[in-house]
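Chain by chain, the residues run as shown.
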Amino acid sequence: QVHLVESGGGLVQAGGSLRLSCVASGRAFSRYAVGWFRQAPGKERELVAAISWNGGNTDYADSVKGRFTISRDNAKNTVSLLMSSLKPDDTAVYYCAAESGLGYIGTGSWDFWGQGTQVTVSS
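Residues numbered from 1 in each chain as written. Predicted model: local features only at pLDDT ≥ 70, side-chain atom pairs only at ≥ 80, totals over all residues. Heavy atoms only, no water.

Visitor: Just give me the short version of the packing of aromatic side chains, but keep the residues and values in it.
Guide: When we look at a pair of aromatic rings, we describe it by the centre distance and by the angle of the planes. Counted under the stated rule, the structure contains 4 aromatic pairs. Considering the side-chain rings of Tyr32 and Phe112, the 5.7 Å spacing of their centres and the 85° angle between planes classify their relative orientation as edge-to-face. With Tyr32 in the loop between β3 (18-25) and β4 (33-39) and Phe112 in strand β10 (residues 110-113), this pair connects stretches of sequence that are 80 residues apart. A residue is classified by how much of its surface remains accessible, and Tyr32, at 16% relative accessible area, is buried. Between Tyr95 and Trp113, the ring centres sit 6.4 Å apart and the planes meet at 75°, which makes this aromatic pair edge-to-face. In this pair, Tyr95 sits in strand β9 (residues 92-99) while Trp113 sits in strand β10, placing the two residues 18 residues apart along the sequence. Judged by its relative accessible area of 30%, Trp113 is partly exposed. (Phe/Tyr/Trp six-rings, centres within 6.5 Å; stacked < 30°, edge-to-face > 60°. Helix = DSSP H or I, 4+ residues; strand = E, 2+ residues; numbered from the N terminus. Buried < 20%, exposed > 50% of the residue type's maximum accessible area, 1.4 Å probe, protein only.)

Right, dumping it as C-alpha cells:
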C-alpha cells in the first residue's frame, strides 16, 4: 500500500503561483506513475498532470499546459506541482494519486489517493 499526503494549498490571487507537494510513504513508490487531479464543486474530477515513474514522461490537461509543471524526487518520495498564472477557474480541491501498473502513465489504475488540499484563486 502507498499512503499519500498533499500539502501547499491555500488562497492565492489571480496571476499568482503556488507549489503543491505530495509526500508518499510505503514501499516501491518510485515504481508508480503519479498524477495530480482536481475537483471543483459541481464538476467532475479531472486529471491535471501526470508523471511517469522516473520523470521521463509528463502529461498535462490542455487547460493548464504552459502554466503548471509536475516533477518528482524519488529520493525524497515527493511529487510536486508548480502552478503559475493561476486563474479563478483553477479553484478546486487538488489530489495526488499513484497509478499501479508498469510505472508509465496510462498503464494501470489510480489506486492510491491522498486526502486533498484546497486551492482557492481570487479574482
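Visitor: I'd like to hear about the sheet that holds strand β8 (residues 78-83), residue by residue, with values.
Guide: Strand order in the open sheet made by the 4 strands is β1-β3-β8-β7, with antiparallel pairing throughout. Every other strand in the sheet has two partners, leaving β1 (3-7) and β7 (68-73) as the edge strands with one partner each. Averaged over all adjacent pairs, the angle separating strand axes in this sheet is 15°, with direction ignored. Relative to β8, β7 runs antiparallel, the two being bridged by 6 bridges. For Thr69, the partnering residue across the bridge sits in β8 and is Leu82. (Pairing = 2+ DSSP bridges. Axes fitted to C-alpha atoms, helices over the stretch in contact; angles between N-to-C directions.)

Visitor: Any details on the nonpolar core? Residues and values, ideally.
Guide: Membership of the largest hydrophobic core comes to 30 residues, with the highest contact counts inside it found for Leu4, Trp36, Leu81, Met83 and Tyr94. Looking at this core, the elements with two or more residues in it are β3, β4, β5 (46-51), β7, β8, β9 and β11 (117-122). Beyond its immediate sequence surroundings of up to four residues, Leu4 is in contact with Cys22, Val23, Ala24, Phe29, Cys96, Ala97, Ala98, Phe112, Trp113, Gly114 and Gln115. (Core = buried A, V, L, I, M, F, W, Y, C linked by side-chain atoms within 4.5 Å. Contact = heavy atoms within 4.5 Å.)

Visitor: Break down the state of the cysteines for me, with residues and values.
Guide: Scanning the entire structure with this criterion turns up 1 disulfide. The residue that forms a disulfide with Cys22 is Cys96, at a sulfur-sulfur distance of 2.1 Å. Around the S-S axis, the bridge from Cys22 to Cys96 shows a dihedral of about -75° and counts as left-handed. With Cys22 in strand β3 and Cys96 in strand β9, this pair connects stretches of sequence that are 74 residues apart. Look at Cys22 and you get buried, because its relative accessible area is 0%. (Disulfide = S-S within 2.5 Å.)

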